[in-house]
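Given next are the chains, with one letter for each unit.
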Amino acid sequence: MNRRIALVISSLLACPGLACAADTGQMPCRTTIECNQQAAKAGATASSSTPKDSNTTSKTDQAQDQFFWLNKINKASTVMLTEEKIISPEMGRKIAKGVEHVIDQAKQPDGRRPKDVLQIEHIITEAIGPDASLVHTGRSRQDMYATFRMAKLRTELLDYSDALNTLRERMLATAAKNVNTIIPAYTNGVQAMPITYAHYLLAYEASFDRDAQRIHELYKRLNRSAMGTAVLANSSWPLNRKRLAELLGFDGPIENSLDSSQVAPSDISLEATGIVSSTAIRLGAILGDIHTQYHQTRPWLLLSEGSTYTSSAMPQKRNPGVIMRAREAASNVVGLAQTVIFRAHNVTTGMTDYKDPWAQIGFFPQAMAMIKGMNTVMDALTINPKRSLEELEDDWTTSMELAETLQKEHQIPFRVGHSFASSIVTYARANGFKPKTFPYDKAVELYAQAIAKFKLPNPAKLPISEAEFRQVLSPEFMVKTRVGIGGPQPAEVERMLAEAQTTLSADKAWMQTTRQNLKDADVKLDKAFNLLLDTQSK
């Protein structure tokens, strides 16, 4: 009965005397390149002008190409069809032999690795005859390609997640060395308050931790299978979609058949690329903060000499090329993410435009280059704590502490203290004074003017001594006296650092578990497929 079905299917494919659509299964090809050229000519697969090894995120991603995954799907389909008694064990073994033939011949020097479903089926047919088409029972290119694309997105997202963790690890290691490195922090591009470099790095690491959590949440939605939905509305065959999903390493099927191959590929990939482009924007901010230091004649944050390059004309220059390359990669990621959006925008349901633009344009490989570039920058960072402290002591970043001390210790309303501190800054800048050199007598005079301005009954004498005045304006004092959750004070930074390290360890453990689950699924598939191959006809 199954053989007759196969013959009927084969006869329906013929269209003598008519202008036929290209049947890639009937286009004999001798090499991988020829197979792919034939399929691309008919538009059955997307051609790529990017070298294979530069358009992947890892050796695994490179090895698990479309040919690999279509054969993996063929293995799972053969197992499921046999288990569900849609085909007999004998036929299951025969088809399994054909699938094995496709995989084995591809390993030969002249082996073929086509990316098209029917071209692969044709190679099975060469081995076992027209019964090969039974592997396609209840299937379509639509659910097969949707499954492959989701699997590839899964691989590339996990590779990116691992890479992001390496960056977080570097940031935490640098933070641990700089808990007491006091630096200026800026708002509106102007020096605002002193913090520590560890506090700064922990702020950005916390944002990348949120990205990791976003990836974990996305994975629950991403790791779902479209297999078994045929074109988009299932078939008349009782396929076991849950079993297909299990064999292919997915946590389950995407329930709605239309959603699985025609809707989910859009929103899942938009979410994935959105997470990464958000990371890219924040990396750009960090790189900008570092690069700005090169505008100064005496920066406190630089790259090691070996990580810069000299000018061809100007002997004094040390150009921070690795910063620029990392920033360019980050900008590429942001731009490529917009391409994914534009490809999905204003397109009717079922078009190929939105189904895998991220793969075609090499979005995740560019994201990996971005992280690699940022890691290079982190490895090359040289921090000068004395110079960063000097930067603070040359300005009036601690003036708010003067107002707060008067309020806290002497009940002077904050706005009065603020006016007093502001008058000190105005006078100091006009006369070239720094916090360490500002005349205490002048401070006493300005305080009296502030009291008079606000008509307070309090004594007009400045209630803090000169020693207290100098201490309050010290960046070290201001940082160490911060209180509350999340501040730059060393004890709090140490606590946040320890928690961040614990969280990163948990994220790494999640990655290990997730990858192990995929390996376990591969083992189960191979075991079931090999068992089918070993089944003897009785």
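What you see is a predicted model; the values in this text were computed from it and never measured. For every chain, the first residue of the written sequence is number 1, and numbering continues from 1 along that sequence. Totals for whole chains, interfaces and linings use every residue, but because this is a predicted model, local features are given only for residues with pLDDT of at least 70 and side-chain atom pairs only at 80 or more, for both listing and counting. The side-chain values count all of the structure's non-hydrogen atoms but skip hydrogen atoms and water molecules.

A. Representation of the overall build of the chain within the structure. Helix and strand assignments come from DSSP, with helices taken as H or I runs of at least 4 residues and strands as E runs of at least 2, each series counted from the N terminus. For the chain, the helix and strand inventory stands at 20 helices and 6 strands. Against the globule reference of 24 Å for 538 residues, the chain gives a C-alpha radius of gyration of 32 Å, more extended than a compact globule. Throughout, exposure labels follow a simple rule: accessible area from a 1.4 Å probe, protein chains only, divided by the maximum for the residue type, with under 20% read as buried, over 50% as exposed, and the rest as partly exposed. Within the span of the chain, comprising 538 residues, buried residues form 50% of the whole. The method behind every accessible area is Shrake-Rupley, applied with a 1.4 Å probe, and residues are considered shielded solely by the protein chains displayed. Within the structure as shown, the chain displays about 25600 Å² of accessible surface, and the carbon and sulfur contribution to it stands at 55%. With C-alpha atoms as the basis for the radius of gyration, the globule rule is written as 2.2 Å multiplied by the number of residues raised to the power 0.38.

B. Spotlight on the nonpolar core. Buried Ala, Val, Leu, Ile, Met, Phe, Trp, Tyr and Cys residues form a nonpolar core when they are joined through side-chain atoms within 4.5 Å. Judged by nonpolar contacts, the single largest core of 104 residues is most densely connected at Tyr-160, Tyr-197, Ile-286, Phe-364 and Met-370. Here this core gets 14 residues from one element, more than from any other, and that element is helix 7 (residues 141-176). Whether two residues touch is decided by their heavy atoms; if any such pair falls within 4.5 Å, the residues are in contact. What Met-370 contacts, discounting residues up to four positions off in sequence, is Tyr-160, Val-276, Ala-280, Leu-283, Ala-329, Ala-330 and Val-333. Trp-396, Phe-438, Ala-450 and Ile-451 belong to the second-largest nonpolar core, a separate cluster that totals 22 residues.

C. Spatial organisation of the packing of aromatic side chains. Pairing of aromatic rings covers Phe, Tyr and Trp, the last through its six-membered ring, and needs centres within 6.5 Å; plane angles under 30 degrees mean stacked, over 60 mean edge-to-face, and all others mean tilted. A full pass over the atoms with the stated rule returns 15 aromatic pairs. Ring plane angle 75° and centroid distance 6.3 Å describe the contact between Phe-68 and Trp-69, whose orientation is recorded as edge-to-face. The exposure class assigned to Trp-69 is buried, which follows from its relative accessible area of 1%. Ring geometry for Phe-438 against Phe-469: centres 6.5 Å apart, planes inclined by 50°, an arrangement best described as tilted. One end of the pair, Phe-438, is in the loop between helix 16 (414-431) and helix 17 (440-454); the other, Phe-469, is in helix 18 (residues 466-472), and 31 residues separate them in sequence. Residue classification places Phe-469 among the buried residues on the basis of a relative accessible area of 0%. Put simply, the rings of Trp-396, Tyr-427, Phe-433, Phe-438, Tyr-440 and Phe-469 pair up and form one aromatic cluster. Only when the NZ atom of a Lys or the CZ atom of an Arg is both within 6 Å of the ring centre and within 35 degrees of the ring normal do we say a charge sits over the ring. It is Arg-154 that lies over the ring of Phe-250; its NZ or CZ is 4.4 Å from the centre.

D. Layout of the side chain of Thr-279. Position of Thr-279 relative to the elements: it lies in helix 10 (residues 257-292). On the basis of relative accessible area, Thr-279 is assigned to the buried category, the value being 0%. Any pair of N or O atoms that falls within 3.5 Å is considered a polar contact. Within protein, one atom must be able to donate a hydrogen and the other to accept it, and sequence-neighbouring residues count only if both atoms are side-chain atoms. Here Asp-211 takes part through its side chain, which lies 2.6 Å from a polar atom of the side chain of Thr-279. With residues up to four places along the chain from it excluded, the contact list for Thr-279 reads Tyr-160, Leu-164, Phe-208 and Asp-211.

E. Focus on helix 4 (residues 66-83). Here a helix's expected span is defined as the number of its residues, less one, multiplied by 1.5 Å. Taking 1.5 Å as the rise per residue, helix 4 with 18 residues should run 26 Å; its terminal C-alpha atoms sit 25 Å apart, in good agreement. Across the 18 residues of helix 4, 16 count as buried, placing the element largely inside the fold. Lys-85 lies just past helix 4 and shows a positive phi near 60°.

F. Just the environment of Tyr-309, in detail. The topology assignment puts Tyr-309 in strand 4 (residues 309-310). Distance from Tyr-309 to Val-322, taken between C-alpha atoms, is 9.3 Å for residues 13 residues apart in sequence.

G. Region of interest: the confidence of the model for the chain. Along the chain, pLDDT gives the predictor's confidence residue by residue, from 0 to 100. Scored by pLDDT, the chain has a mean of 92; 91% of the residues are at 70 or more. Low confidence marks residues 5-18, where pLDDT is under 50. Its contacts with residues over four positions away, or in another chain, come to 9 contacts. Contacts from residues 46-51, a stretch scored under 50 in pLDDT, to residues over four places away or in other chains number 5 contacts.

H. Just unusual backbone geometry, in detail. Phi at Lys-85 is positive, roughly 60°, even though this residue is not glycine. Relative to the assigned elements, Lys-85 resides in the loop between helix 4 and helix 5 (89-106). Note on Lys-85: relative accessible area 72%, which makes it exposed.

I. Seen up close, empty space enclosed by the protein. Points on a 1 Å grid, built from protein atoms alone, make a cavity when a 1.4 Å probe fits but cannot get out and make a pocket when they are open with protein on both sides within 12 Å along at least 5 of 7 lines; residues with an atom within 4 Å of a point are the lining residues. Grid points are joined across faces, edges and corners, and a volume is the space filled by probe spheres set on the points. Taken as a whole, this structure holds 3 cavities of 30 Å³ or more when the rule is applied. Size it by volume and the largest cavity reaches roughly 50 Å³. As for the largest cavity, its lining consists of Ala-146, Arg-149, Met-150, Leu-153, Pro-265, Lys-355 and Trp-358. Looking at the lining of the largest cavity element by element, the count peaks at 4 residues for helix 7. Broken down by class, the residue content of the lining of the largest cavity amounts to 5 nonpolar, no polar and 2 charged. Here the second largest cavity defines a volume of roughly 40 Å³. In terms of lining residues, the second largest cavity is bounded by Leu-70, Asn-74, Val-117, Ile-120, Glu-121, Ile-124, Val-135, Arg-139 and Met-144. Put simply, the parts of the chain that give the lining of the second largest cavity at least two residues each are helix 4 and helix 6 (117-128). The greatest single-element share of the lining of the second largest cavity, amounting to 4 residues, is contributed by helix 6. Each residue is assigned to one class: nonpolar for Ala, Val, Leu, Ile, Met, Phe, Trp, Tyr, Cys and Pro, charged for Asp, Glu, Lys and Arg, and polar for all the others, Gly among them.

J. Here's a closer look at helix 17. The terminal C-alpha atoms of helix 17, which comprises 15 residues, lie 21 Å apart, in line with the 21 Å expected from a rise of 1.5 Å per residue. Turning to helix 17, its buried residues number three or more, namely Tyr-440, Lys-442, Ala-443, Leu-446, Tyr-447, Ala-450 and Ile-451. Buried residues belonging to helix 17 abut helix 15 (399-410), helix 16 and helix 18. Immediately downstream of helix 17, the backbone of Lys-455 shows phi near 55°, a positive value.

K. Here's a closer look at the pairing of strand 1 (residues 182-187). Between any two strands, pairing holds if DSSP finds at least two bridges. Across 6 bridges, strand 1 lies against strand 2 (residues 190-196) in antiparallel orientation. Across the sheet, residue Ala-185 finds its bridge partner in strand 2, namely Met-193. From the end of strand 1 to the start of strand 2, which pair antiparallel, there are 2 residues, and Asn-188 there has a positive phi angle of about 55°.

L. Main features of a nonpolar patch on the surface. Patch definition: residues above 30% relative accessible area lacking any salt bridge, with like charges linked at up to 9 Å and the nonpolar side chains Val, Leu, Ile, Met, Phe, Trp and Tyr linked at up to 5 Å. Put simply, a salt bridge is a Lys or Arg side-chain nitrogen that is within 4 Å of an Asp or Glu carboxyl oxygen. Nonpolar side chains collect at one region of the surface, where Val-231, Leu-232, Leu-258 and Val-263 lie side by side and expose about 290 Å² of accessible area between them. On the secondary structure map, Leu-232 appears in the loop between helix 8 (197-222) and helix 9 (241-247).

M. Molecular detail of the side chain of Arg-149. Looking at the element boundaries, Arg-149 is found in helix 7. Dropping the residues within four chain positions of it, Arg-149 is found in contact with Lys-355, Asp-356 and Trp-358.

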